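Letter by letter, the chains look like this.
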Amino acid sequence: MKSLKMIQNTFRVFKKLSMLAMIVSFIAAGTALLGLLCVIDWQSEGMLGFGRSVMAFTGATSLEPAICALLSDIVLALTDGFLFLFAWRYFKTEHADGTPFTHSGADQIRSLGIKTIVMPLVAVIISAVIYSCFGVTNTPDWSNAVSVVLGIVLILASLVFHYGAELEMRVKEDSR
């Protein structure tokens, strides 16, 4: 049972880290949205006067690349925030169950693995469409290799957790 306690403590730490990362991601999305509003205000010669600072921060030399960068940042940050939310929900469920070796937990981690592969890919596609709609050709270098590998690892972990849940059920049945 010492190993299970260590697993629980590790998952508790990851639960807190996923909550922190989720909050930071949503704050980043909100900051990008605020920057977008400042750029739009500057373009329409509004009174806020933050538009030039935001454009300098994004590295854009004109309005379209700044808007593209900020819209893309919003999409990518929201995607990360929601993925961290799903991870936090898994850790919360695992903590309540007291073990990662449950069928529902394994299903939840498999779902998280699939979302980890698909959601960043969709976010990159949306970002590319945004850049294309504004006619901006110098797009950032988006790579989803890390999310694909992480998603595969989560799916494989779900298989191990399913197997562990089956073993626990067999032990319970044999002890009767």
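Parameters and conventions
- Residues numbered from 1 in each chain as written.
- Predicted model: local features only at pLDDT ≥ 70, side-chain atom pairs only at ≥ 80, totals over all residues.
- Heavy atoms only, no water.
- Helix = DSSP H or I, 4+ residues; strand = E, 2+ residues; numbered from the N terminus.
- Expected span 1.5 Å × (residues − 1).
- Buried < 20%, exposed > 50% of the residue type's maximum accessible area, 1.4 Å probe, protein only.
- Salt bridge = Lys/Arg side-chain N within 4 Å of Asp/Glu carboxyl O.
- Core = buried A, V, L, I, M, F, W, Y, C linked by side-chain atoms within 4.5 Å.
- Contact = heavy atoms within 4.5 Å.
- Phe/Tyr/Trp six-rings, centres within 6.5 Å; stacked < 30°, edge-to-face > 60°.
- Lys NZ or Arg CZ within 6 Å of the ring centre and 35° of its normal.
- pLDDT = per-residue confidence, 0-100.
- 1 Å grid on protein atoms, 1.4 Å probe; cavity = no way out; pocket = protein on both sides within 12 Å on 5 of 7 lines; lining within 4 Å.
- Points joined across faces, edges and corners; volume = space filled by probe spheres on them.

**Some remarks on helix H5 (residues 145-174)**
So, step 1. With 30 residues, H5 should cover 44 Å at 1.5 Å per step; its first-to-last C-alpha distance of 44 Å lies within 8% of that length.
So, step 2. Within H5, burial applies to Ser147, Gly151, Leu154, Ser158, Phe161, His162, Gly164 and Ala165.

**Concerning the pattern of salt bridges**
Side-chain pairs of opposite charge can arise whenever the charged atoms involved come near each other.
So, step 1. Taken as a whole and judged by the stated rule, the model has one salt bridge.
So, step 2. With a shortest N-O distance of 3.4 Å, Arg110 and Asp107 are connected by a salt bridge. A residue pair is termed a helical-turn pair when its members lie 3 or 4 positions apart in one helix, as Arg110 and Asp107 do in helix H4 (residues 103-133) at three residues.

**Some details on the nonpolar core**
So, step 1. The biggest cluster of nonpolar side chains holds nine residues, and these are Phe11, Ala87, Tyr90, Phe91, Ala106, Ile109, Leu112, Leu154 and Phe161.
So, step 2. Once residues within four sequence positions are removed from consideration, Leu112 is found in contact with Leu83, Phe86, Ala87 and Leu154.
So, step 3. Core analysis: the next-biggest nonpolar cluster, separate from the first, contains eight residues, Val39, Leu63, Ala66 and Ile74 among them.

**Things to note about the packing of aromatic side chains**
So, step 1. Evaluation of the coordinates by the stated rule reveals seven aromatic pairs.
So, step 2. Each ring, one from Phe14 and one from Phe91, has its centre 6.1 Å from the other, and the planes form 15°; the classification is stacked. Highlighted residues: Phe14 in helix H1 (residues 2-43) and Phe91 in helix H3 (residues 63-97), separated in sequence by 77 residues.
So, step 3. Residue classification places Phe14 among the partly exposed positions, given a relative accessible area of 41%.
So, step 4. Grouped by ring-pair contacts, the aromatic residues Phe11, Phe14, Tyr90 and Phe91 constitute a single cluster.
So, step 5. Lying over the aromatic face of Phe86, Lys115 brings its terminal NZ or CZ to 3.8 Å of the ring centre.

**Topic: the confidence of the model for the protein**
Low-pLDDT portions of the prediction should not be read for the details of their coordinates.
So, step 1. Of the residues in the protein, 89% reach a pLDDT of 70 or more, and the chain-wide mean stands at 87.
So, step 2. Model confidence for the protein, summarised as mean pLDDT per element, is weakest for helix H2 (residues 51-58) at 55 and strongest for H4 at 95.

**Some details on the environment of Asp73**
So, step 1. Position of Asp73 relative to the elements: it lies in helix H3.
So, step 2. Considering only alpha carbons, one finds Asp73 and Ala29, 44 residues apart in sequence, at a separation of 6.8 Å.

**A few points about the side chain of Thr79**
So, step 1. Mapped onto the fold, Thr79 is located in helix H3.
So, step 2. By relative accessible area, which is 11% here, Thr79 ends up buried.
So, step 3. Each residue touching Thr79, except ones within four places of it in the same chain, is listed here: Met119, Pro120 and Ala123.

**Some thoughts on the layout of surface pockets**
So, step 1. Volume-wise, the largest pocket comes out at about 690 Å³.
So, step 2. In terms of lining residues, the largest pocket is bounded by 28 residues, among which Leu83, Phe84, Thr116, Leu150 and Leu154 are the most central.
So, step 3. Elements with a minimum of two residues in the lining of the largest pocket: H1, H3, H4 and H5.
So, step 4. The dominant element in the lining of the largest pocket, judged by the number of residues it contributes, is H3, at eight residues.

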